[in-house]
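# Residue-level structure breakdown
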Amino acid sequence: MAQIMAVFKMIVAFITLLPQILVPITDSYDKTFYEDWSADQAYTAEYAIELEKDPAKDFVVLNLADVQLDDMEYYSGMGAESEAMITKLVEEIQPDLITLSGDNAWATLAYINLVNFVDSFDIPWAPVMGNHDGQGCISEFWCAYLFDQAENCLWKFGPADMGHGNYVINVTENGKVIHTLFMMDTHNNGTFTDENGNTVEGYDHLWNNQIEWYEWAVNGIAAEAGHVVESTAIMHIPVYEMKTTWEKYYDKENDCFTGPYAEGSFGVIHETPCPGAVNNHFMDTVLALGSTKNMIFGHDHVCNASFVYEGVRLSYGLKLGKACYYEEGLQGGSTLSIGSDGVATFAHHFAE
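Below: a short report on this structure. (Residues numbered from 1 in each chain as written. Predicted model: local features only at pLDDT ≥ 70, side-chain atom pairs only at ≥ 80, totals over all residues. Heavy atoms only, no water.)

### A few points about the sheet that holds strand S15 (residues 332-338)
Taken in spatial order, the five strands line up as S4-S3-S2-S15-S16 in an open sheet, and their pairing is mixed. Unpaired on one side and paired on the other, strand S4 (125-128) and strand S16 (344-350) mark the two borders of the sheet. Sheet twist, expressed as the mean angle between neighbouring strand axes with direction ignored, is 20°. Each of strand S2 (59-64), strand S3 (97-101), S15 and S16 is contacted by helix H3 (residues 71-93), which is oriented at about 170° to S2, the strand it contacts most. (Pairing = 2+ DSSP bridges. Helix = DSSP H or I, 4+ residues; strand = E, 2+ residues; numbered from the N terminus. Axes fitted to C-alpha atoms, helices over the stretch in contact; angles between N-to-C directions. Contact = heavy atoms within 4.5 Å.)

### Thoughts on the environment of threonine 292
On the secondary structure map, threonine 292 appears in strand S12 (residues 292-297). For the pair threonine 292 and alanine 233, spaced 59 residues apart in sequence, the C-alpha to C-alpha distance is 6.8 Å. Among residues more than four places away in sequence, those in contact with threonine 292 are Phe182, Tyr214, Ser231, Thr232, Ala233, Val286 and Val312. Side chain to side chain, threonine 292 and serine 231 meet in a polar contact 2.7 Å long. (Polar contact = N/O pair within 3.5 Å; in protein donor to acceptor, adjacent residues only side chain to side chain.)

### Observations regarding the packing of aromatic side chains
Per the stated rule, a full pass over the model turns up 26 aromatic pairs. When the ring of tyrosine 47 is compared with that of tryptophan 216, the centres are 5.0 Å apart and the planes differ by 85°; the resulting orientation is edge-to-face. You can see tyrosine 47 sitting in the loop between helix H2 (18-21) and strand S1 (49-52) and its partner tryptophan 216 sitting in helix H6 (residues 208-225), a full 169 residues away along the chain. According to the relative accessible area criterion, tyrosine 47 is buried, its value standing at 12%. Classification of tryptophan 216 by relative accessible area gives buried; the value is 9%. (Phe/Tyr/Trp six-rings, centres within 6.5 Å; stacked < 30°, edge-to-face > 60°. Buried < 20%, exposed > 50% of the residue type's maximum accessible area, 1.4 Å probe, protein only.)

### Overview of the nonpolar core
Ranked by internal contacts, the top residues of the largest apolar core, which has 65 residues, are Leu64, Leu97, Tyr111, Trp125 and Ile169. At eight residues, the largest contribution of residues to this core is made by helix H4 (residues 108-119). If we ignore the near neighbours within four places in the chain, the residues touching tyrosine 111 are Asn104, Ala105, Trp106, Met129, Asp133, Cys137, Trp142, Cys143, Leu146 and Phe147. Formed by 43 residues, the second largest nonpolar core is a distinct cluster that contains Tyr47, Trp213, Tyr214 and Val268. (Core = buried A, V, L, I, M, F, W, Y, C linked by side-chain atoms within 4.5 Å.)

### Comments concerning the pattern of salt bridges
Within this structure, the stated rule accounts for two salt bridges. Among the ionic pairs, lysine 57 bridges to aspartate 96, the shortest N-O distance being 3.1 Å. You can see lysine 57 sitting in the loop between S1 and S2 and its partner aspartate 96 sitting in the loop between H3 and S3, a full 39 residues away along the chain. The partly exposed category is assigned to aspartate 96, whose relative accessible area is 22%. (Salt bridge = Lys/Arg side-chain N within 4 Å of Asp/Glu carboxyl O.)

### Comments concerning the side chain of histidine 301
Here histidine 301 lies in the loop between S12 and strand S13 (306-309). Of the polar contacts made by the side chain of histidine 301, one reaches the backbone oxygen of tyrosine 325; its length is 2.9 Å. Setting aside chain neighbours within four positions, we find histidine 301 in contact with Asp66, Gln68, Glu271, Lys319, Ala323, Cys324 and Tyr325.

This is how it looks when you write it as structure tokens:
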């Protein structure tokens, strides 16, 4: 009976949501939405989205990871549970910005419902794509278009030929940039050549042109501000160093990092981290530039570890809800609290 009711609700929702379903549905619309970007162009302050921080309090970002409902899950009751969890987090944390770190949903009706629901808080929000976004939907571009049309969503399609949604958000105080958020698409799967010349298949990660774009933006923001501005990168698939550090320094019996990664670390890793199939050496660029001090990932649902790698905190965002797969006690949201000095502090907020 419950399944029959869920199907009935899906049919009614399909009819109700038909106008949103019938947004541009083919990739033939792509080029009209994306930027023509070149590393030779000058960076200007107008390039980034700006959000002004209240000097009297921290600027708080609430991150939601891997909501990932399909249509049947959404209309069988899991959608209401996830929405209640999000509502509680928003009410308790009172964020200035909500971010979604990918695998947001993976079916048409569930995607529309998530976009409409997050937008209903009347709080600025900013998503990135995960490897499952677009699956079970009309297309990944269709999902991106929903973001673009949402009233409170800060989404930008970003430069062409870099995937969907690479954009910059600058947090300002008294008109000066104090912190930057880099929202970046880590794509899906692919075939790659590793450093030994072998062909490997697996998860993708940031492309070379995205790393070039990131460097261009970091340097441009620094030139405008007169100093290197602290930043955070939010993406779905974790960097390669998440796995290599786990392999060498994680004590599985005691669920903790050891050696140089013991101090300042928290959270657990209950499945093998799944970065890109090959190392794209993005971290080398990050360390050389000295701007990004936090990275927030999704992707691995039963991991919530956070540790400092050579001065950069690498963190799994806490998974939101029970869709796809999950572990009891590892659900909720995560926050990034940015002070007037631009320094950001990462924390988890567990759902009861």
